[in-house]
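Coordinates in review
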Amino acid sequence: QVRLVESGGGLVQAGGSLRLTCATSGSIFPFNAMGWYRQAPGKQRELVADITSGGSTNYADSVKGRFTISRDNARNTVYLQMNSLKPEDTAAYYCAAGRTGLGYRYWGQGTQVTVSS
């Protein structure tokens, strides 16, 4: 059974930084892609960034230049370094793994990021 567990969320002041980690278990092969999504209250879940097993990355325009996604294929772990945080980055952040034609197959439970002004 595949499990994804996020950590690293919390409360930070605007301009600060956080590093999210998503640890996985239950898969002996690297996921073809892993990513981070977020959902703010009253809004739809949106892609923040994702990364393939080969290291190709994709970012939402709103986080380009501020967030960096990386992964450790040996550990099937994905990270999200978030710098220059803004209040509008406040959301629940979810890890996803195993991209298919219908979207990501596996999801974590989420970790809350709150940025105060």
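Rules used in this analysis
- Going along each chain's sequence as written, the residues are numbered from 1 onward.
- Confidence filtering applies because this is a predicted model: local features only for residues at pLDDT of at least 70, side-chain atom pairs given and counted only at 80 or more, and all residues used for totals across whole chains, interfaces and linings.
- Think of the side-chain values as coming from all heavy atoms in the structure, minus any hydrogens and water.
- Any pair of Phe, Tyr and Trp rings, taking the six-membered ring for Trp, is counted once the centres come within 6.5 Å. Such a pair is stacked with planes under 30 degrees apart, edge-to-face with planes over 60 apart, and tilted for the rest.
- Comment: elements are numbered from the N terminus, with helices defined as DSSP H or I runs of at least four residues and strands as E runs of at least two.
- Note on geometry: a ring has a charge over it if NZ (lysine) or CZ (arginine) is within 6 Å of the ring centre and within 35 degrees of the ring normal.
- Salt bridges are defined by distance alone: a side-chain nitrogen of Lys or Arg within 4 Å of a carboxyl oxygen of Asp or Glu.
- Relative accessible area decides the class of each residue, using a 1.4 Å probe on protein chains only: under 20% of the type maximum gives buried, over 50% gives exposed, and in between gives partly exposed.
- Any N or O atom pair separated by 3.5 Å or less is treated as a polar contact, with the protein-specific requirement of one donor-capable and one acceptor-capable atom, and with residues adjacent in sequence counted only for side-chain atom pairs.
- It only takes one pair of heavy atoms within 4.5 Å for two residues to be counted as in contact.

The next point concerns the packing of aromatic side chains. The final tally for this structure, using the stated rule, is 4 aromatic pairs. Ring centres of Phe31 and Tyr106 lie 5.9 Å apart, and the angle between their planes is 55 degrees; this geometry places the pair in the tilted category. With Phe31 in the loop between strand E3 (18–25) and strand E4 (33–39) and Tyr106 in strand E10 (residues 103–107), the pair connects residues that are 75 residues apart, well separated along the chain. Between Tyr37 and Tyr104 the ring centres are 6.0 Å apart and the planes differ by 80 degrees, which places this aromatic pair in the edge-to-face class. One end of the pair, Tyr37, is in strand E4; the other, Tyr104, is in strand E10, and 67 residues separate them in sequence. Ring pairing ties together the aromatic residues Tyr37, Tyr104 and Trp107, which thus form one cluster. We note Arg45 situated over the ring of Tyr94; from NZ or CZ to the ring centre the distance is 3.9 Å. The ring of Trp107 is capped by Arg45, whose NZ or CZ atom sits 4.9 Å from the centre of that ring.

Moving on, we come to the pattern of salt bridges. Under the criterion given, the structure shown has 6 salt bridges. Between Arg38 and Asp89 there is a salt bridge whose closest N-O contact spans 3.0 Å. Of this pair, Arg38 sits in strand E4 while Asp89 sits in the loop between strand E8 (77–82) and strand E9 (91–100), and the two are 51 residues apart along the sequence. We classify Arg38 as buried; its relative accessible area is 6%. Asp89 gets classed as buried once you look at its relative accessible area, which sits at 1%.

Another aspect to go through is the side chain of Asn76. For Asn76, the position within the fold is in the loop between strand E7 (67–72) and E8. At a separation of 2.9 Å, a polar atom in the side chain of Asn76 contacts the main-chain carbonyl oxygen of Phe29. Not counting residues within four places of it along the chain, the set of residues in contact with Asn76 comprises Cys22, Thr24, Ser27, Phe29, Pro30, Phe31, Met34 and Arg71.

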